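# Per-entry structural report
These are the residues of each chain, in order.
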Amino acid sequence: MAAPSAADLELAFVEKFFWSQGREPYPVQEQAISAIISGQSVLVTVPTGTGKTMMAKAGIFAALARGQRVVYTTPLRALTEEKFRELSADFGEANVGFATGDYKVNREAPVQVEVAEILWNRVVGEKNVCPADLVIMDEGHYLNDLERGYVWEQSIIGLDPRSQLVVLSATVGHPERFCHWVELTRQVKMLSIDSRERRVPLEHQFKEELLIDVVKQLAHDGDVPAIIFCFGRELCFEVARLLKSCRRFTTDAEKDEIDKRCDAALLPAGVAKDLRPLLTHGIGVHHAGILPRYKQLVEELTLERKLRFVVSTETIAAGINLPAKTVVFPALRKFIKKEARLVTPAEFHQMAGRAGRPQFDDRGLAIALAPEAVTVDLRKELKAAGKRGAIDEVKIKKTVYGRAKNDAQRTGELIWTPEIHAELVKGEPAELRSKTKITAEQVLAIGLPDLTTHRLPGQPVPVDAPPLVPIDEIEASLPPSMRLNVVTVIDHLLTDERTKRELHKTLAMLVDNLRAVGVLDEHGAQVTGNMIK
């Protein structure tokens, strides 16, 4: 029996996932679905809420019809779990497997949903092995992550050219440059499908109001559900308890239903004791430190519109299916390893983009709040001015913000202003660029060329060094996946030549150190049994 044509598969997919449910695909979805089902490698860069997962499902649908294997990667365990449940429901539990670092399910299934590091380990560990006919990298903008971006970049460099590659991402700058890099690296054409059009318009506001007052107003106006972003797990429960001081958001019937759901899902001890009274009040908490079954309960209750507010860390913005009408930023400052910095435009838009649900809302609302100390000071100054009989609000605001800036400079604090918020709103998404740092762990994981026949590019050449055997032209023309080692990885990074030279020097120094302590032998292979102390 002949395999179904791409046109037949596209028609069958759209019928099953759109028309049968009374929906039509968006134009950008139509373009992506057609390209993916036809077998093209694609980078899709679209705003949050444009249905990227449906594009991935098109590839999975076609692969299963053709008897092919699929690997679907995500950056987060919570997102991996959610996609596993969703794809199992769509394509059958027998067809979908799951893997994180410590948990595996149905690893023989044709569709595998994995955290990104699982694919990286296979690409650099097994080398020149095609992990799947189709590799889907969800949340591809994580390539810009300072700590983990190398996982996406190196997985692409080492991915067998026989694998169709689909990268799904939030909007990024100059996506065509990324596609050009992928083409040069993998020697496979990469199509860019880019759209900045949101299905639901997004309104941005900056308010000099206290969070509790904003929450009360949102509940009164019906601008819920709302996600309140906090940059810290401990802060999530602190803010949730603050919201609980408001009048209960749930009806009696909703409270009873939530109580029954809590009986089935929550354990009798631990964080559940704090979570239950919040949930029955109409408030959810969601972050990576909460048990998966608790997060799933929060997601389900929110989708059923029983929760009015969800207090969450920014991980919820990474593709987890929790759309809201409104998002609130109590702060535009976050701490990374105890160092304060303002959120970047890319981070801001990723979180703000959760606002606005195509099936329910005619607009999304993203509210950023001024620093609490500024709001309190401003209220005091306006009240005092009112008693004097004349209020020049513009002048008072200028004075209050000026004072706050001076105080921040003196104490080393970071504050944000309406002008900073406006810059974030206008900010262009960041271009995808290499964040790889060469470490001893990466040298040992990826491996080296034979050091008796290859000289590292970053090593000085001794005067009396014997000539090395030149690399065969045919070998040099092969994609890096077929001759993968840490040298070819550096040579193909998404960065400039100067940075590559510096990384080669770092590599040469690391190799000298590893050989000196006996971790590597003269060929550059790891000596069995020795570990870095």
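Details of the structure are given in the entry above.
Residues numbered from 1 in each chain as written. Predicted model: local features only at pLDDT ≥ 70, side-chain atom pairs only at ≥ 80, totals over all residues. Heavy atoms only, no water.

## Re the overall build of the chain
A tally of regular secondary structure across the chain gives 20 helices and 16 strands. Its C-alpha atoms give the chain a radius of gyration of 26 Å, within 12% of the compact-globule value 24 Å for 533 residues. In terms of overall dimensions, the chain has C-alpha extents of about 90 × 65 × 45 Å along its principal axes. Pairs at least 24 apart in sequence give 74% of the contacts found in the chain among residues at least 6 apart. For the chain, the exposed area adds up to about 25300 Å²; of that, 53% sits on carbon and sulfur atoms. A gap of 5 Å separates the mean positions of the 70 positive and 73 negative side-chain charges of the chain. (Helix = DSSP H or I, 4+ residues; strand = E, 2+ residues; numbered from the N terminus. Rg over C-alpha atoms; globule rule 2.2 N^0.38 Å. Contact = heavy atoms within 4.5 Å. Areas by Shrake-Rupley, 256 points an atom, 1.4 Å probe, with all protein chains shown as cover. Lys, Arg positive; Asp, Glu negative; His and termini not counted. Charge placed at Lys NZ, Arg CZ, Asp CG, Glu CD.)

## What about the pairing of strand S10 (residues 226-229)?
Here S10 shows two buried faces, one formed by Ala226 and Ile228 and the other by Ile227 and Phe229. Where S10 meets strand S12 (residues 309-312), four bridges bridge the pair, whose relative direction is parallel. The residue bridging Ile228 from the neighbouring strand is Val311, located in S12. Where S10 and strand S13 (residues 326-329) come together, three bridges link them in parallel fashion. Within S13, the residue paired with Ile228 across the bridge is Val328. (Buried < 20%, exposed > 50% of the residue type's maximum accessible area, 1.4 Å probe, protein only. Pairing = 2+ DSSP bridges.)

## Focus on the layout of surface pockets
The method is simple in principle: a probe with the dimensions of a water molecule rolls over the atoms, and the space it marks as empty is what remains. Empty space within the second largest pocket amounts to approximately 1100 Å³. Along the walls of the second largest pocket sit 41 residues, with Arg23, Gly49, Gly51, Asn321 and Gln359 positioned nearest its centre. Among the secondary structure elements, those contributing two or more residues to the lining of the second largest pocket are helix H3 (52-65), helix H4 (77-91) and helix H12 (292-303). The biggest single contributor to the lining of the second largest pocket is H4, with six residues. Counted by class, the lining of the second largest pocket contains twelve nonpolar, 14 polar and 15 charged residues. (1 Å grid on protein atoms, 1.4 Å probe; cavity = no way out; pocket = protein on both sides within 12 Å on 5 of 7 lines; lining within 4 Å. Points joined across faces, edges and corners; volume = space filled by probe spheres on them. Nonpolar A, V, L, I, M, F, W, Y, C, P; charged D, E, K, R; others polar.)

## Some remarks on the pairing of strand S1 (residues 41-45)
The buried fraction of S1 is high, at five of five residues. Covered by surrounding structure in S1 are Ser41, Leu43 and Thr45 together with Val42 and Val44, the residues of both alternating faces. For S1 and strand S8 (residues 190-194), the ladder comprises five bridges, and the chain directions are parallel. Across the sheet, the residue bridging to Thr45 is Asp194, located in S8. Sheet analysis places S1 next to strand S7 (residues 164-169), joined by four bridges and oriented parallel. Among the inter-strand pairings, Val42 is bridged to a residue of S7, identified as Val166.

## Overview of the packing of helix H6 (residues 149-158) against helix H7 (residues 175-186)
Contact pair H6 / H7: the axes reach a minimum separation of 8 Å and the direction vectors enclose 45°. Relative to H7, the element H6 lies oblique. Seen from H6, the contacting residues are Glu153, Ile156 and Ile157; seen from H7, they are Phe178, Trp181, Val182, Thr185 and Arg186. (Axes fitted to C-alpha atoms, helices over the stretch in contact; angles between N-to-C directions. Parallel < 35°, antiparallel > 145°, perpendicular 65-115°, else oblique.)

## Points about unusual backbone geometry
Glycine aside, a negative phi is what most residues show, and trans is what most peptide bonds show. Following Val224, the chain continues into Pro225 via a peptide bond in cis, with omega recorded as 5°. Tracing the backbone through its elements, the reader meets Pro225 in the loop between helix H8 (211-221) and S10. Non-glycine residue Asn106 carries a positive phi angle of around 50°. Residue position: Asn106 is located in the loop between strand S4 (104-105) and strand S5 (111-115). Not every positive phi belongs to a glycine, and His174 is a case in point at roughly 45°. As for its position among the elements, His174 is in the loop between S7 and H7. His174 gets classed as partly exposed once you look at its relative accessible area, which sits at 38%.

## Looking at the sheet that holds S13
Reading across the sheet, the six strands line up as S9-S16-S13-S10-S12-S11 and stay open at both edges, with parallel pairing between neighbours. Each edge of the open sheet is held by one strand with a lone partner, namely strand S9 (202-207) and strand S11 (283-286). The sheet shows a mean angle of 20° between the axes of neighbouring strands, taken without regard to direction. Here S13 runs beside strand S16 (residues 364-369); their pairing, made up of four bridges, is parallel. Looking at S16, one finds that Phe329 is bridged to Ala368. Sheet strands in contact with H12 are S11 and S12, and its direction is about 135° off that of S11. In the packing of helix H13 (residues 345-352) onto the sheet, contacts are made with S9, S10, S13 and S16, and the angle to S13 comes to roughly 140°.

## Here we look at the packing of aromatic side chains
Tallying each qualifying case throughout the model produces 13 aromatic pairs. A connected cluster of aromatic rings, assembled from ring pairs, spans Phe13, Phe17, Phe18, Phe61 and Phe91. The lysine or arginine in question, Arg199, covers the ring of Tyr26, its NZ or CZ lying 4.1 Å from the ring centre. When the ring centre of Phe360 is taken as origin, the NZ or CZ atom of Arg305, which lies over that ring, is 4.3 Å away. (Phe/Tyr/Trp six-rings, centres within 6.5 Å; stacked < 30°, edge-to-face > 60°. Lys NZ or Arg CZ within 6 Å of the ring centre and 35° of its normal.)

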